[in-house]
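Observations on chain architecture
What follows is the residue order along each chain.
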4 protein chains.
Amino acid sequence: MKKLTVFINGENSAGRAFETLIQILIIVSLISFSLETLPDLNPRRRAWLNTIELISVIVFTIEYLLRILTAKKPLKFIFSFMGLVDLAAILPFYLSFGIDLRSLRAMRMLRILRVFKLVRYTKAFNRFRLAVKIAKEEIIIFFSAAIMLIYLTSIGIYYFEHEVQPEKFSSVFESMWWSVVTLTTVGYGDVYPITPGGKTFTIFVLFLGLGIVAVPTGLLASALTTARELEKEQEEEKKARSKQ
Amino acid sequence: MKKLTVFINGENSAGRAFETLIQILIIVSLISFSLETLPDLNPRRRAWLNTIELISVIVFTIEYLLRILTAKKPLKFIFSFMGLVDLAAILPFYLSFGIDLRSLRAMRMLRILRVFKLVRYTKAFNRFRLAVKIAKEEIIIFFSAAIMLIYLTSIGIYYFEHEVQPEKFSSVFESMWWSVVTLTTVGYGDVYPITPGGKTFTIFVLFLGLGIVAVPTGLLASALTTARELEKEQEEEKKARSKQ
Amino acid sequence: MKKLTVFINGENSAGRAFETLIQILIIVSLISFSLETLPDLNPRRRAWLNTIELISVIVFTIEYLLRILTAKKPLKFIFSFMGLVDLAAILPFYLSFGIDLRSLRAMRMLRILRVFKLVRYTKAFNRFRLAVKIAKEEIIIFFSAAIMLIYLTSIGIYYFEHEVQPEKFSSVFESMWWSVVTLTTVGYGDVYPITPGGKTFTIFVLFLGLGIVAVPTGLLASALTTARELEKEQEEEKKARSKQ
Amino acid sequence: MKKLTVFINGENSAGRAFETLIQILIIVSLISFSLETLPDLNPRRRAWLNTIELISVIVFTIEYLLRILTAKKPLKFIFSFMGLVDLAAILPFYLSFGIDLRSLRAMRMLRILRVFKLVRYTKAFNRFRLAVKIAKEEIIIFFSAAIMLIYLTSIGIYYFEHEVQPEKFSSVFESMWWSVVTLTTVGYGDVYPITPGGKTFTIFVLFLGLGIVAVPTGLLASALTTARELEKEQEEEKKARSKQ
C-alpha cells in the first residue's frame, strides 16, 4: 500500500515512468479526439481511433482508482478539482453505454478537460499567480476600461452605421462583435464602417483604444519578470538559511 | 441632514448598500438600453425594458436630488463634471415628454455617460494619471510621429493606387482610412494596394511604422509599473511617519 | 539686421508669434493639400484652396528669404537639410508657372516635407536618438532576423501554394507581400494559404515569427524609458554643478 | 598553408575583403533565386540569372574546399553544422547534372540555407541565447498555455460553427487554422464565426487569449534588456582585470 502511494505520486522510477506514460496518453487521446472529427474518415481508421480511446480510458480509470485507493481521505480527493477533472475524463465513455448516443456527443466535450491534467505535473501556475497578484489592480482597471470602451464604441458605431448597413449593425450586440474584432486588431473584414462618420469615429477609437486593450499584456509581462526576481531572492534566502 | 450626507457619500452601511444598488442599476440600465436596439423585439419585452428604464430614472433622480440637498455648495455641485453627468443621465427621459420623440433618440446617447458614474466609485484614475505624467513627453512625441506617419503614408498610397483603384483611394481622406486600418494592423481587407509600387510602399511603411504606432502602449505599461512603485514608496513613508 | 535675426529665431515675443503663425500655416496648407484631392470639388471651393496655397507660399517665401538674409553663412544655410526642405516647400509652386502642369503634380508631393518643418521647433528627436543608440544592436539583429524570416517564409509559402493559386502566389516577390502582411498581423485577406501544407506552414511561422517581428517595438519602448532616466541624471548633475 | 588559414578566417585585409565578397554573393544569389520564380521571364534575363548562379556556386565551392584544406580536423568541419550548410548551398547545383531536373527544383530550396551563412559572420546569436536562457521557463509555460488555448478554442468553435458552416469548420484541424489566425490577430477573414454562440465564444477567447499569445514577446524583450546589462557588466569586469 505504501509502495502504491509512492508509485502513484511519481516518487520512484516506476512511478515517474508511469507518469510519463500518462502524459503521452493524454496527448495521444487528444489528437485521436481531433482526428475523429475529420469528415472523410474510413471505417478502418475509425476502428483504430476507437481502440486508442478504449486503451486510454482503461489506463485513466486504473490511475483514477489507484489515486482514490492511496488517498488519505478518498472522499476529499474525489471532490477536489483534480479529482473531478480525472472523473470527467473517463465518465463520458462509460455513460455512452447506457444513454442515447447523441447526448454523449455533447458530453464528450468534457474530455478536453484532460488538458488540465497536464497542468498537474508542472509548477507552471505558481509564478503566474504571483505575477497576477503583483499587477492585479492595474489589470482589473484596464479590463474594466476595455469593457467600457467596447460598450461605448458599440453604441457609437451603431448610431453611425445602423441606417446604412442595417443587416450588419442590426443591434448594439452585433456592433459589439465589430468592436471586439476591431479593438483586438483581428479585423476579419466581415463588418466594417462604410459611412464617412463611421470611418472617422473608427479612426479616433483605434487611436485611443488600442492602448487600453494592449496595456494589460505589457503589465503581465513586466509583472512576470518581477515575480521571477522575487522567486530568485526567496530561493537564495532559503539557501543562506540552510547553510547556517 | 447630517445623516443624509453620511448616507449619500457611502460612509455608513446603509449608504454603502445604496451605492452598490446604484452601481447594479447603472449596469442593468446599460444592458436594457442595448436590448432596446434589438430589431425583432416583441411588445411584451419592450414593456419590460420601459419599466426598467422608469425605475432606474426614478432612483437616479432621487440620488441626484439628495446630492444637491447634501452638497455644501449646491450650485457648485450642479455645474461640476460629475453633477452634469448625473443630470445628463436622467434629463433625456424627462425631455421625451415635452419634445418630439425623434430628437430624443439622439439625446439618449448621452445616457451612456452613466458609464462614467461607475468611475466615481473607484480610485482607478489616480495611478493612471501618474503614469501618463511620467511618460507624457514620449507619448506626445510618438502620437505626433504616428499622426505625421499616417498623413505621409496616406499621400504616398494615394499617388500609387489612385489611378488603378479610383473608387477605393478617391482622395487623401479615403487613403487615411487605409493608413489607420493598416498601421494599427486591423487590416479589414476592404481597401488594400494592388499595384507593385503600392505593395512595395506598404511593405516599407509596415516595417518602419509599426514601431511608431505600438511604442506608446509599451511606454504606458512601463510607466504604470513605475507609478505603482512610487505609490508603494509613498505609502511606506506615510506608515513610517505615523509610527513616529 | 540684428533685430531680424532675433525675430526669425523666435527669440522675442514677435518672433514667437511669427513661429506659431508659421506652424499654423503649415498645418492649414497640409489640410488644404489633402482637400484638393477630393473628387467632387466645386470651383468655388477650389478657388478658396488656391488662395490658401498662395498665401502660405508667400509667407513661406518671406520666411525663407529672411532666414538667408540673417544667416551668418547664407550658402551654408541654403544647402543645409532644413534649408533644402524650406526651398522644396515653395519651389513646386513657382515652377508651375514655367513648366507643364502635369509634372507639377508629381513635384507637389515634396510639399509634404513641410511636415518636417514642424520637427525643427521641438526637441523631439534627441531622446529618441539616445534610445535608438542604447538598443541599436538588438534592433539591428532583430530587423535582420525579420528580413531573413520574411525571405524564408516567402519561399516556403511559394512552394506550398504556387501550384494551387498560381495567380496569387505568382512569384517569390508576390509571396513576400503575403509574408509581410501576415507577420505584421495586418492580414488583409487578399492572399492566404488554402492547401493543408500551406496552412500548417503558416501556423508554425506565426508561432515562431510573431516574436521576431514584435520584439524591436518592446526593445525601443524599454530603451526610451532608460533614455529618460539618463536624461534626468544628467540634468540633476548640471544643477548640482551650477550650485557649486 | 598558414597564410591560407589566416586568409579564410578573415584575419588579414585580403581575407576580410573575401569575406565581404562572399556576403555580397550570398545576397545576390538569394535575389537571383527569387527572380527565377517570376512567371514572365524572357530567355535573355534567365541566361543572366544562370550566369550569376554559376559564378556564385564556383566561388562558394572554392571557399568550401579552402575551408576543408585549412581545417585542423577536415572531417570534423565537414560534418559540423556550418560545414553541412556550406555543402548544402552548392550540392544542388552539381546534382542537377546527373539527376532528373524536376527533383532538383525541390532540392534547390536547401539553397536558402545560405542565409544562415550570413549568421556566421556576426555575434548575433550569443546575446539572444542568453536572453532565451533568462526567460526560458516563462516562455515554455506561455507557449504550452498558448498551444492548450488553441486546442481548446478549436474544439469550442468546432461545436459552435460546424453545423452552420460545415465546409469552413469541417474538422478540429480546420478550426485550428481559425484559432491560430484569430489569436495571433492576423484575421484574414477567410473563416470567422457567424452564429451568435460562436461570436460570443470568440469575444471571450479574444479577451482571455490575446495576453497568453502576446506575453512571450514582452518577456523576450525584457530578457534581452537584462542580457545586455549582464554583457556590459562582464565586459567592464574584463577591463578592470586587464588593467590590474
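Values in this document were obtained by computation on a predicted structure and should not be read as measured data. (Residues numbered from 1 in each chain as written. Chains lettered and ligands numbered in written order. Predicted model: local features only at pLDDT ≥ 70, side-chain atom pairs only at ≥ 80, totals over all residues. Heavy atoms only, no water.)

**A look at the overall build of chain A**
Looking only at helices and strands, chain A has 11 helices and zero strands in total. Secondary structure elements in chain A, listed N-terminal to C-terminal, are α-α-α-α-α-α-α-α-α-α-α. When burial is assessed residue by residue, chain A has 46% of its 244 residues classed as buried. Here the analysis covers contacts within chain A between residues at least 6 apart in sequence; of these, 65% occur between residues at least 24 apart. (Helix = DSSP H or I, 4+ residues; strand = E, 2+ residues; numbered from the N terminus. Buried < 20%, exposed > 50% of the residue type's maximum accessible area, 1.4 Å probe, protein only. Contact = heavy atoms within 4.5 Å.)

**Thoughts on a nonpolar patch on the surface**
Residue and element names in this part refer to chain A. Taken together, the side chains of Leu54, Ile58 and Ile62 define a hydrophobic patch exposed on the protein surface, amounting to about 260 Å² of accessible area. Along the polypeptide, Ile58 turns up in helix α3 (residues 43-70). Relative accessible area serves as the criterion here: at 44%, Ile58 is assigned to the partly exposed category. (Patch = residues over 30% accessible without salt bridge, like charges linked within 9 Å, V, L, I, M, F, W, Y side chains within 5 Å. Areas by Shrake-Rupley, 256 points an atom, 1.4 Å probe, with all protein chains shown as cover. Salt bridge = Lys/Arg side-chain N within 4 Å of Asp/Glu carboxyl O.)

**A word on the pattern of salt bridges**
Working definition: two side chains of opposite charge can pair if their charged atoms are close together. The full count for this structure, using the stated rule, is 12 salt bridges over all chains. B:Glu174 is the partner of A:Lys199 in a salt bridge, and the nearest nitrogen-oxygen pair spans 3.2 Å. Here A:Lys199 is found in helix α11 (residues 196-243), whereas its partner B:Glu174 is found in helix α10 (residues 172-183) on a different chain. Classification of B:Glu174 as partly exposed rests on a relative accessible area of 26%.

**What about a negative patch on the surface?**
On the surface, A:Glu229, A:Glu233, A:Glu235 and A:Glu236 cluster together into a patch of negative charge. Relative accessible area serves as the criterion here: at 52%, A:Glu236 is assigned to the exposed category. (Lys, Arg positive; Asp, Glu negative; His and termini not counted. Charge placed at Lys NZ, Arg CZ, Asp CG, Glu CD.)

**Focus: the side chain of B:Thr185**
For B:Thr185, the position within the fold is in the loop between α10 and α11 (196-243). Its relative accessible area of 10% is what places B:Thr185 among the buried residues. Among the polar contacts listed, one links the side chain of B:Thr185 to the side chain of C:Thr185, at a separation of 3.5 Å. Leave out the neighbours within four places in its chain, and B:Thr185 touches A:Thr185, B:Leu210, C:Thr184, C:Thr185, C:Val186 and D:Thr185. (Polar contact = N/O pair within 3.5 Å; in protein donor to acceptor, adjacent residues only side chain to side chain.)

**Regarding the relation of the copies chain D and chain A**
The transformation that overlays chain D on chain A combines an axial shift of 0.0 Å with a rotation of 90°, and the residual RMSD is 0.1 Å. Classification of the inter-copy transformation places it as that of a four-fold axis. The overlap is low: 11% of the interface residues of chain D also sit at the interface in chain A, so different surfaces are used on the two sides. (Least-squares fit on C-alpha atoms with pLDDT ≥ 70 in both.)

**As for the environment of A:Ser144**
Note on placement: A:Ser144 falls in helix α9 (residues 136-161). For the pair A:Ser144 and A:Ile212, spaced 68 residues apart in sequence, the C-alpha to C-alpha distance is 9.7 Å.

**Some thoughts on the interface of chain D and chain A**
With 38 residues of chain D at the interface, the matching set in chain A holds 38 residues. Contact between chain D and chain A buries roughly 3,400 Å² in total, counting both sides, with carbon and sulfur atoms accounting for 73%. Interface area lost by chain D to chain A is led by D:Tyr151, D:Tyr159 and D:Phe207, which between them contribute 18%. Taken together, the links from chain D to chain A amount to one salt bridge. Looking at the side of chain D that touches chain A element by element, the count peaks at 12 residues for helix α11 (residues 196-243) of chain D. Its residues placed into classes, the side of chain D that touches chain A shows 24 nonpolar, 11 polar and three charged. (Buried area = accessible area lost by both parts, 1.4 Å probe. Nonpolar A, V, L, I, M, F, W, Y, C, P; charged D, E, K, R; others polar.)

**Observations regarding the side chain of D:Thr184**
Residue placement: D:Thr184 occurs in the loop between α10 (172-183) and α11. Within polar-contact distance, the side chain of D:Thr184 engages the backbone oxygen of D:Val180 at 2.6 Å. Among all residues touching D:Thr184, those that are not within four sequence positions of it are C:Thr185, C:Leu206, C:Leu210 and D:Val213.

**Describing the packing of helix α9 (residues 136-161) of chain D against α10(D)**
Residue and element names in this part refer to chain D. Contact pair α9 / α10: the axes reach a minimum separation of 8 Å and the direction vectors enclose 120°. Considering the angle they form, α9 stands oblique to α10. In terms of crossing hand, the pair formed by α9 and α10 is right-handed. Note on element contacts: α10 touches α9 through Val172, Ser175, Met176, Trp178, Ser179, Val180 and Leu183, opposite Leu149, Ile150, Tyr151, Thr153, Ser154, Ile155, Ile157 and Tyr158. (Axes fitted to C-alpha atoms, helices over the stretch in contact; angles between N-to-C directions. Parallel < 35°, antiparallel > 145°, perpendicular 65-115°, else oblique. Left-handed = near helix turned anticlockwise from the far one by under 90°.)

**Topic: the packing of aromatic side chains**
Within this structure, the stated rule accounts for 24 aromatic pairs over all chains. With a centroid separation of 6.3 Å and 45° between ring planes, the pair formed by D:Tyr64 and D:Phe77 is classed as tilted. Note that D:Tyr64 is positioned in helix α3 (residues 43-70) and D:Phe77 in helix α4 (residues 74-78), a separation of 13 residues in sequence. Taking the relative accessible area as the measure of exposure, D:Phe77 reaches 14% and is therefore buried. With a centroid separation of 5.6 Å and 85° between ring planes, the pair formed by D:Tyr158 and D:Tyr159 is classed as edge-to-face. Judged by relative accessible area, D:Tyr158 falls into the buried class, the value being 4%. You can call D:Tyr159 partly exposed: its relative accessible area is 29%. Three or more aromatic residues link up through ring pairs in this structure, and these residues are A:Trp177, A:Tyr188 and D:Tyr192. (Phe/Tyr/Trp six-rings, centres within 6.5 Å; stacked < 30°, edge-to-face > 60°.)

**As for the environment of D:Glu167**
Checked against the element boundaries, D:Glu167 lands in the loop between α9 and α10. Sequence spacing of D:Glu167 and D:Val132 is 35 residues, and the spatial spacing of their C-alpha atoms is 41 Å.

**Remarks on the confidence of the model for chain A**
Residues and elements named next belong to chain A. The share of residues in chain A with pLDDT of 70 or more is 86%, and the mean pLDDT across the chain is 78. A low-confidence stretch, residues 99-108 stays under pLDDT 50, and its non-local contacts, those more than four residues away or across chains, total nine contacts. Listed scores for the predicted complex are pTM 0.82 and ipTM 0.78. (pLDDT = per-residue confidence, 0-100.)

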